[in-house]
Amino acid sequence: MLGVLFAAVMFLIGAGGQLWAQGCILARSPEQGGLPTGEGGVLEPGHFQITVGERHQFSYQHYVGDVYQEYRAQDHTQVENRINLITTNLTYQWTPRISFEIDAPWLFATRKSQNSPIKYSATGLGDTILGANVWIRNPEKAPRNNFSVGLGVLMPTGNDDVQNTYDSNTTGVGAPVEVTAPVDYSIQPGNGGWGMVTQWMGYDRVGKSLTFYTDGDYIATQGGTNGIQRGATLSATTPLDNYVAISDQYLLEAGVEFPISKVRGLSATFGPRDEGVPAKNLFPNSNDGFRRPGFAVTAGPGGQYVRHHEILTAGVYKAVHRDRTVSYPDEVYHAHGDAAFAQYVWLASWTHRF
């Protein structure tokens, strides 16, 4: 069963055009803190684990659809986003099958255009997730394969209205002209709305050492707009873009894990990831507001090292396909905006069990 599921996930990832990412696109789904298939195994009932993870990406390559906008680099008009997202996750294993968790991110981000001296920045607590997960089979009786599902709520604890004051007179001549305005939504710590989180993880061990895995999540939001105005003035010609949309987001990944025989507790992983923002939300509510929908498919190696109560993970994923899709306002106004994507996504985490 899990082998079939893994194949289905691989098919979906390979069919990139059917999916909906990163950079200027707001995609900050929670990351897994290591697989339960290595030396660490599944967390025992009555025990806690805390995971601190780091995600780094530098987004600067612009796309309209899946077409790279090379002229932006040639004209030095690229928008550059630097994002560091530190996430703390606390999990409590209540029974062999049921666990509870809280996931709180902290964002450090900057945004700048190559042809402007103005640099925007935002720092702060992001949106917090409370959730519960259930293994379909009792892990004590299913060491070789299992699948878990989870439900949670995303709470709008992050600030979605971080503002910067800057000198808008970039000519170098004349008096400064100070402007205070919200930074772009792609570097705001918060999304501005509530959401329902569904997440999953599964693995299937083949033979003595090879393990296939899949995990992911989908955050379905309340939709509508968060009331944050994008520009200094309201547009009469494109009113649907005047305010920031509260948008869904998702993460989907799969891969293979195998131990490094000469180092106890060390294993390597390799596989693809797909993450992004749908053009329209899952629930039938308003899709008004400005968003940059799209997705990025990346692939790369990773590793996991377990020693006693500590688990270390790391991975580097290179983009293999990027697509800035058409948003609902784009459809209405017969337009197609662009978005900046990263070339690499860097992930690392430390887990302590107690």
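Rules used in this analysis
- Residues numbered from 1 in each chain as written.
- Predicted model: local features only at pLDDT ≥ 70, side-chain atom pairs only at ≥ 80, totals over all residues.
- Heavy atoms only, no water.
- Helix = DSSP H or I, 4+ residues; strand = E, 2+ residues; numbered from the N terminus.
- Buried < 20%, exposed > 50% of the residue type's maximum accessible area, 1.4 Å probe, protein only.
- Phe/Tyr/Trp six-rings, centres within 6.5 Å; stacked < 30°, edge-to-face > 60°.
- Lys NZ or Arg CZ within 6 Å of the ring centre and 35° of its normal.
- pLDDT = per-residue confidence, 0-100.
- Contact = heavy atoms within 4.5 Å.
- Core = buried A, V, L, I, M, F, W, Y, C linked by side-chain atoms within 4.5 Å.
- Pairing = 2+ DSSP bridges.
- Polar contact = N/O pair within 3.5 Å; in protein donor to acceptor, adjacent residues only side chain to side chain.
- Salt bridge = Lys/Arg side-chain N within 4 Å of Asp/Glu carboxyl O.
- Patch = residues over 30% accessible without salt bridge, like charges linked within 9 Å, V, L, I, M, F, W, Y side chains within 5 Å.
- Areas by Shrake-Rupley, 256 points an atom, 1.4 Å probe, with all protein chains shown as cover.

## Comments concerning the overall build of the protein chain
Here's step 1: Looking only at helices and strands, the protein chain features three helices and 18 strands.
Here's step 2: Across the 354 residues that make up the protein chain, the buried fraction comes to 50%.

## Observations regarding the packing of aromatic side chains
Here's step 1: Scanning the entire structure with this criterion turns up 10 aromatic pairs.
Here's step 2: Consider the rings of F48 and F354, whose centres lie 5.6 Å apart with planes at 10 degrees: the pair is stacked. Of the two residues, F48 sits in strand β1 (residues 48-64) while F354 sits in the segment after β18 (339-353), which places them 306 residues apart along the sequence.
Here's step 3: The class for F48 is partly exposed, based on a relative accessible area of 30%.
Here's step 4: Note on F58 and Y60: the rings are 5.0 Å apart at their centroids and 25 degrees apart in plane angle, and the pair reads as stacked.
Here's step 5: Among the aromatic residues, those joined into a cluster by ring pairs are F48, Y92 and F354.
Here's step 6: Lying over the aromatic face of F290, R230 brings its terminal NZ or CZ to 3.5 Å of the ring centre.
Here's step 7: Its end group placed over the ring of Y317, R273 keeps NZ or CZ at 5.2 Å from the ring centre.

## Comments concerning the confidence of the model for the protein chain
Here's step 1: In the predicted model, the protein chain carries a mean pLDDT of 89, and 89% of its residues have values of at least 70.
Here's step 2: When the elements of the protein chain are averaged for pLDDT, helix α1 (residues 2-14) gives the smallest value, 36, and strand β2 (residues 67-68) the largest, 97.
Here's step 3: This model gives residues 1-21 a pLDDT under 50, and the stretch forms 49 contacts once residues within four places in sequence are excluded.

## As for the nonpolar core
Here's step 1: Of all hydrophobic cores here, the largest spans eight residues; its members are I83, L85, L107, A109, A122, V162, V183 and I187.
Here's step 2: Mapped by element, the contributors of at least two residues to this core are β3 (79-93) and β4 (98-113).

## A closer look at the pairing of strand β16 (residues 294-307)
Here's step 1: Pairing of strand β15 (residues 266-277) with β16 involves 12 bridges; the strand directions are antiparallel. Each bridged residue has a counterpart across the sheet, and for S267 the counterpart in β16 is Q304.
Here's step 2: By the bridge criterion, 12 bridges tie β16 to strand β17 (residues 310-324) in an arrangement that is antiparallel. Within the sheet, the bridge partner assigned to T298 lies in β17 and is A319.

## Examining the environment of I187
Here's step 1: Of note, I187 is situated in the loop between β9 (178-182) and β10 (195-206).
Here's step 2: For I187, a relative accessible area of 0% corresponds to the buried category.

## What about the side chain of R292?
Here's step 1: For R292, the location among the structural elements is in the loop between β15 and β16.
Here's step 2: Within the structure, R292 has its side chain in polar contact with the side chain of D184 (distance 2.8 Å).

## Observations concerning the pattern of salt bridges
Here's step 1: Evaluation of the coordinates by the stated rule reveals eight salt bridges.
Here's step 2: The partner of D184 in a salt bridge is R111, with the nearest N and O atoms 3.7 Å apart. One end of the pair, D184, is in the loop between β9 and β10; the other, R111, is in strand β4, with 73 residues separating them in the sequence. Across the pair, exposure class does not vary: D184 and R111 are buried alike.

## Structural notes on a nonpolar patch on the surface
Here's step 1: A cluster of nonpolar side chains, V52, I86, W106, F108, L125, L312 and W350, forms an exposed patch at the surface whose accessible area comes to about 560 Å².
Here's step 2: Along the chain, V52 falls in strand β1.

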